[in-house]
Amino acid sequence: MAVEVMTSLEVNCATRTVLNSLLCPLRGGPFDHTVFPFVPIESVFIYRHPDSMSSNLSDFLPSWRLRQAMGHLLDYYPHLTGRFQRNVTDRTFELAKFGSGAQLLLASSNTTLDAIASLNTNTGRLTVENLPGSGEQLTPPFNGTIEGVCRDPVLAIQHTRFQCGGVALGIRVHHMACDAYGFFQLVRDLAQIYRDLSGTDIDYLNLNASLLSSPPEIHSYLSDPHSISAEERKTALQYPQSLFYIERESNPSGNAKPAVDLRQRTEPPIIGRMLRFSGSDLMALKARASGPNPENWVSTFEALTAYLYQLVYKARIQYLVLRGASAESATSKIWTGLWASLNVRSKERLNLPPRYFPNAVHATCMQGSPQVLAHGNLCDVARSIHDMIRSEHKERILHTARWIAAQPDKSLLRVNFEFGNGNFTVSQWSGFDMYNGVSFDVDGSGKPVHPSLVAPPFTEISRVDGLAMILSSEETVERVASTKACPSSDLPSAIDVNLTLSEPLWEILDRSPDFRRLYR
């Protein structure tokens, strides 16, 4: 399954004058400063060529029209034409050099989407691990070094056409520019602009088209250095912190590294797989996680996180026991940390504008009880996760944001958590309408062509031992168009999970028929 990139195009704002009103440099806020500089936000969107469409395969989702749509999108997100640089005062990353351009790569693949789907011998469903390079070959290359981060485009898209006429859009934005919520807002905006374009003249925009009904908010919360006074800054520095700390010894090069590099690789290899939890699976998990007491309600996300967190911990125990350790000593050797990210845009938290694009993610973590994880009920694990999430109230989030904003040298910020090495990390994307509003083209009857698969690729950066990405499934749009995929409206749509684990753990989990059925 070869993918060949044929052309690289620079894309700038359709209306260059929008750059004149852009504040330069554009500074980030505290939630942007806590993002690892070598991490992108990226996803692959797979669209099948409609049978009812023209036999000319290139008529479906043509790249020239995508390039045109990107130009108009950048009129609303002009800062994404810039490049990152270091602020000389507080050592944060900021955006400047506007007009340098976004990137559009044009590629082709020598295989068909049916051939890829046939690799899933159970259901023939497209899954990310069966895509070329586990999806990585369908997304623009990413250089996570400081030099690459400051040199390369902030927004890049790869348009790949398969032999069958189907198209993959690999869309990548640097995580320091936005979080997953902002990312999918951007993609929906791009899809809307693409749909509103008309004709074949790439400089022509249908005057009757309704472009974005409201512009995005691109300025970060607390990004203005004067947003807090000197007295407020002094007070903020006194707030106690458990998740972050300041490394007192500065790196002489000025490019201090995070405490843990997510890119570090250990043996054995880390393998990524996509799991499918059906609506009935989720209902059953939620019932088990809530327990018999109706007051102990937990969300679907909390139930699913508890299940995976405990399941992986038990597999780690079993792995050590198989290597000769006693169950008691194995328990003492495995870390029990859990890291989760919370979207804090809501009225109950920071009450940010509804079209807020930059990062608004607040991390929370805990150390689970080894005894509960090894021997407790699922409801006990879920209750601890529920309490952890509910403890992140508005005052705590505000204190953390102000503490970060008040730091004089933010390059010394460190996370008091170790990714991998037994700890578990979960990221929830299923609440961001991954499949809704992202149809670009239409079939021969004028009906929208929804994506068959939306998922982040498995890459060197995302292959972290113990990382679960909780994703929407195609059922979220199929249930609107048909009752076939979701026979009962009482059931929630299925959820997919991109799970990365050390290879020996998969060998242990594969011994369970109940777990193996999730690979479907």
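All residue numbers refer to positions counted from 1 along the written sequence of the respective chain. It should be noted that, the model being predicted, local features are given only for residues of pLDDT at least 70 and side-chain atom pairs only at 80 or more, the latter also being counted only at that level, while totals for whole chains, interfaces and linings use all residues. Side-chain metrics rest on all non-hydrogen atoms present in the structure, leaving aside hydrogens and water.

Re the packing of aromatic side chains
Each aromatic ring pair is characterised by the separation of its centres together with the angle its planes make.
For step 1, the next point in the chain: Each pair of aromatic rings taken from Phe, Tyr and Trp, with Trp reduced to its six-membered ring, is defined by centres within 6.5 Å and is described as stacked if the planes are under 30 degrees apart, edge-to-face if over 60, and tilted in the remaining cases. Inspection of every chain in the model, using the stated rule, returns 18 aromatic pairs.
For step 2, the next point in the chain: Residues F184 and W429 carry aromatic rings whose centres are separated by 5.6 Å and whose planes lie at 80° to one another, so their mutual orientation is edge-to-face. In this pair, F184 is assigned in helix α5 (residues 180-196) and W429 in the loop between β14 (424-428) and β15 (453-455), connecting sequence segments 245 residues apart. This pair shows no difference in class: F184 is buried, exactly as W429 is.
For step 3, the next point in the chain: Plain terms: the ring middles of W339 and F419 are 5.0 Å apart, the flat faces sit at 65° to each other, and that makes the pair edge-to-face. Residue W339 is found in strand β11 (residues 337-343), and its partner F419 is found in the loop between β13 (413-415) and β14; the two are separated by 80 residues along the sequence.
For step 4, the next point in the chain: Residue exposure (1.4 Å probe, protein chains only): buried if accessible area is under 20% of the type maximum, exposed if over 50%, otherwise partly exposed. Exposure remark for W339: the relative accessible area of 10% places this residue in the buried category.
For step 5, the next point in the chain: Relative accessible area serves as the criterion here: at 9%, F419 is assigned to the buried category.
For step 6, the next point in the chain: These aromatic residues form a ring-pair network of at least three members: F36, F38, W339, F417 and F419.
For step 7, the next point in the chain: The cationic tip of R65 hangs over the ring face of Y194; the distance from NZ or CZ to the ring centre is 4.6 Å. Here a strand is any run of E in DSSP of at least two residues, a helix any run of H or I of at least four, and the numbering for each starts at the N terminus. In this scheme, the term charge over a ring applies when either NZ of a lysine or CZ of an arginine sits within 6 Å of the ring centre and within 35 degrees of the ring normal.

A look at the pattern of salt bridges
For step 1, the next point in the chain: Throughout this description, the term salt bridge denotes a Lys or Arg side-chain nitrogen within 4 Å of a carboxyl oxygen of Asp or Glu. Following the criterion strictly, the structure yields 16 salt bridges and no others.
For step 2, the next point in the chain: Residue D387 is joined to R383 by a salt bridge in which the shortest nitrogen-to-oxygen separation is 3.7 Å. With a gap of four residues between them, D387 and R383 both fall in helix α11 (residues 378-390), about one helical turn apart.
For step 3, the next point in the chain: Several salt bridges share partner residues, and in doing so they unite R27, D90, E94 and K410 into one network.

So, the packing of helix α7 (residues 279-290) against helix α8 (residues 300-322)
For step 1, the next point in the chain: In the contact formed by α7 and α8, the axes pass within 9 Å of each other and the chain directions differ by 85°. As far as their axial angle goes, α8 and α7 are roughly perpendicular. Along its contact with α7, which presents L282, L285, K286 and A289, the element α8 presents T300, A303, L304 and Y307.
For step 2, the next point in the chain: Only Asp, Glu, Lys and Arg are considered charged in this grouping, and only Ala, Val, Leu, Ile, Met, Phe, Trp, Tyr, Cys and Pro are considered nonpolar; every other residue, Gly among them, is considered polar. Of the residues that constitute the contact of α7 with α8, the class distribution is six nonpolar, one polar and one charged. Only the contacting stretch of a helix is used when fitting its axis, a line to C-alpha atoms as for every element, and angles between N-to-C directions run 0 to 180 degrees. Each angle is binned into one of four classes, with values under 35 degrees roughly parallel, values over 145 roughly antiparallel, values of 65 to 115 roughly perpendicular, and all other values oblique. Note on contacts: a residue pair qualifies if any of its non-hydrogen atoms lie within 4.5 Å across the two residues.

Topic: the domain arrangement of the protein
Reports of interface size often rely on the accessible area that becomes lost once the parts have come together.
For step 1, the next point in the chain: For every domain, the bounds stem from an assignment made automatically or drawn from a database. One can read the domain layout of the protein as domain 1 (3-197) and domain 2 (230-245 + 268-431 + 458-517).
For step 2, the next point in the chain: The C-alpha-based centres of domain 1 and domain 2 are spaced at 26 Å.
For step 3, the next point in the chain: Taken together, the contact pairs 42 residues of domain 1 with 38 residues of domain 2.
For step 4, the next point in the chain: For the pair domain 1 and domain 2, the interface holds four salt bridges.
For step 5, the next point in the chain: Taking the shortest distance from any N to any O, the salt bridge between D496 and R125 comes out at 3.6 Å.
For step 6, the next point in the chain: N or O atoms within 3.5 Å of each other form a polar contact, as long as, within protein, one can give a hydrogen and the other can take it, and as long as residues adjacent in sequence are counted only when both atoms are side-chain atoms. At the junction of domain 1 with domain 2, the criterion picks out eleven residue pairs in polar contact (both at pLDDT 80 or more).
For step 7, the next point in the chain: Here the element with the most residues in the side of domain 1 that touches domain 2 is α5; it accounts for eight residues.
For step 8, the next point in the chain: Among the residues making up the side of domain 1 that touches domain 2, the classes are represented as 20 nonpolar, twelve polar and ten charged.

Observations regarding the packing of helix α2 (residues 63-76) against α5
For step 1, the next point in the chain: Here α2 crosses α5 at 120°, and the two axes come no closer than 9 Å. If you check the angle between α2 and α5, you find them oblique. Considering how the two elements wind past one another, α2 and α5 form a crossing that is right-handed. Contacts from R65, L66, A69, M70, H72, L73 and Y76 in α2 reach L186, D189, L190, I193, Y194 and R195 in α5.
For step 2, the next point in the chain: Per-class residue counts for the contact of α2 with α5 are nine nonpolar, one polar and three charged. Each crossing gets its hand from how the near helix is turned against the far one by less than a right angle, where anticlockwise is left-handed and clockwise is right-handed.

A closer look at the pairing of β11
For step 1, the next point in the chain: With five of seven residues buried, β11 is to be regarded as a mostly interior element.
For step 2, the next point in the chain: Alignment of β11 against strand β12 (residues 361-367), held across seven bridges, turns out to be antiparallel. In the sheet register, G337 faces β12, and the bridge partner there is Q367.
For step 3, the next point in the chain: Two elements, β11 and β14, share three bridges in a ladder whose sense is parallel. Looking at the pairing, A340 lines up with V426 of β14. The pairing criterion for strands is at least two bridges between them, as found by DSSP.

With respect to the sheet that holds strand β7 (residues 155-161)
For step 1, the next point in the chain: Pairing within the open sheet is mixed, and its six strands lie in the order β1-β6-β7-β8-β3-β15. Both outer strands of the open sheet, β1 (3-11) and β15, are each paired with one neighbouring strand and no more. Each adjacent strand pair in this sheet contributes to an overall mean axis angle of 15°, direction not counted.
For step 2, the next point in the chain: As judged from the eight bridges shared by strand β3 (residues 40-47) and strand β8 (residues 167-174), these two strands associate in the antiparallel manner. Paired with F45 across the strands is L169, a residue of β8.
For step 3, the next point in the chain: The sheet contacts of α2 involve β1, β6 (102-109), β7 and β8, and relative to β6 the element is tilted by about 160°.
For step 4, the next point in the chain: Each of β3, β7, β8 and β15 touches α5; the most contacted strand, β3, lies at about 40° to it.

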